[in-house]
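Understanding the architecture of this molecule
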Amino acid sequence: QVQLVESGGGLVQPGGSLRLACAASGSIFGDIYVMGWYRQAPGKQRELVATIRSGGFTNIADSVKGRVTISRDDAEMTTWLQMNSLKPEDTAAYYCNLVLRNGGTYWGKGTLVTVSS
């Protein structure tokens, strides 16, 4: 089994910051290609927030560019999402994602981020 466990979500005021963490564990067969974060707001499709590949290449969604930083520790199989200057529209369930080079894809259960005064 492969498990992704997110943490760090919660309630934050507009303009505040949060750092989400995702730790992978279990029987992972194959090299980890991409780790990243997606989010899904009520009534909307799940959308990309940020991803980071093995070599450090990052892909950041335009909606959060400049406010979000993604990092990764291969040895710990952990990825972090630092979010600053949060806006109410950032409110969503944030899901950790892991993609292996062999195509295997795994998702966490999500952590809720609520941005409200």
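Here we summarise the structure given alongside this text.

The rules we used
- Along each chain, the written sequence defines residue order, and numbers are assigned to residues from 1.
- Side-chain atom pairs in this predicted model are given and counted only at pLDDT of 80 or more, local residue features only at pLDDT of at least 70, and totals for whole chains, interfaces and linings cover all residues.
- Excluded from the side-chain calculations are hydrogens and water; all other atoms, namely the structure's heavy atoms, are used.
- Helical segments are the DSSP runs of H or I of at least four residues, strand segments are the runs of E of at least two, and each set is numbered from the N terminus.
- Radius of gyration here is computed from C-alpha atoms only, and the compact-globule reference equals 2.2 Å multiplied by the residue count raised to the power 0.38.
- In this scheme, a residue with accessible area under 20% of its type's maximum is buried, one over 50% is exposed, and one in between is partly exposed, where area comes from a 1.4 Å probe on protein chains only.
- Polar contact is the term for a pair of N or O atoms within 3.5 Å; when the atoms are in protein, one must be able to donate a hydrogen and the other to accept it, and sequence-neighboring residues count only if both atoms are side-chain atoms.
- Residue contacts are defined here by distance: any two heavy atoms, one from each residue, within 4.5 Å place the two residues in contact.
- Classification of ring pairs rests on two measures: the distance between centres of Phe, Tyr or Trp rings, Trp counted by its six-membered ring, which must be within 6.5 Å, and the angle between planes, read as stacked under 30 degrees, edge-to-face over 60 and tilted in between.
- Each ring is checked for a lysine NZ or an arginine CZ that lies within 6 Å of its centre and within 35 degrees of its normal; such an atom marks a charge sitting over the ring.
- Throughout, nonpolar core names a set of buried Ala, Val, Leu, Ile, Met, Phe, Trp, Tyr and Cys residues whose side chains join them through atoms within 4.5 Å.
- Note on terminology: disulfide denotes any pair of cysteine sulfur atoms within 2.5 Å.

1. Description of the overall build of the protein
The helix and strand tally for the protein stands at zero helices and 11 strands. In sequence order, the secondary structure elements of the protein are arranged as β-β-β-β-β-β-β-β-β-β-β. In summary, the protein has a C-alpha radius of gyration of 14 Å against a globular reference of 13 Å for 117 residues, a match within 12%. Its C-alpha atoms give the protein principal-axis dimensions of about 45 × 25 × 25 Å. Looking at the protein residue by residue over its 117 residues, the buried ones come to 41%.

2. So, the side chain of Thr 78
Looking at the secondary structure, you find Thr 78 in strand β8 (residues 78-83). Note on Thr 78: relative accessible area 9%, which makes it buried. Polar contacts involving the side chain of Thr 78 include one to the main-chain carbonyl oxygen of Glu 76, which spans 3.0 Å. Excluding residues that lie within four positions of it along the chain, Thr 78 makes contacts with Cys 22, Ala 23, Met 35, Ser 71, Arg 72 and Asp 73.

3. Digging into the packing of aromatic side chains
Taken as a whole and assessed by the stated rule, the structure comprises one aromatic pair. Here the basic side chain of Arg 46 rests over the ring of Tyr 95, its NZ or CZ set 3.7 Å away from the ring centre. Its end group placed over the ring of Trp 107, Arg 46 keeps NZ or CZ at 4.7 Å from the ring centre.

4. Some remarks on the nonpolar core
With 29 residues, the main nonpolar core has Trp 37, Val 49, Leu 81, Met 83, Tyr 94 and Leu 98 as its most contacted residues. At the level of elements, β1 (2-7), β3 (18-26), β4 (32-40), β5 (47-53), β7 (68-73), β8, β9 (92-100) and β11 (111-115) are the ones that each hand at least two residues to this core.

5. Some details on the state of the cysteines
As used in these notes, a disulfide is a covalent bond between sulfur atoms, one from each of two cysteines. Using the criterion set out here, one finds one disulfide in the structure. Between the sulfur atoms of Cys 22 and its disulfide mate Cys 96 the distance is 1.9 Å. Its torsion about the S-S bond being -85°, the disulfide of Cys 22 and Cys 96 is classed as left-handed. Of the two residues, Cys 22 is situated in strand β3 and Cys 96 in strand β9; the sequence distance between them amounts to 74 residues.

6. Comments concerning unusual backbone geometry
Phi at Met 77 is positive, roughly 50°, even though this residue is not glycine. Along the chain, Met 77 turns up in the loop between β7 and β8. Judged by relative accessible area, which is 24%, Met 77 ranks as partly exposed. One non-glycine residue, Ser 85, lies in positive phi territory at about 50°. Tracing the chain through its elements places Ser 85 in the loop between β8 and β9. Judged by relative accessible area, Ser 85 falls into the partly exposed class, the value being 42%.

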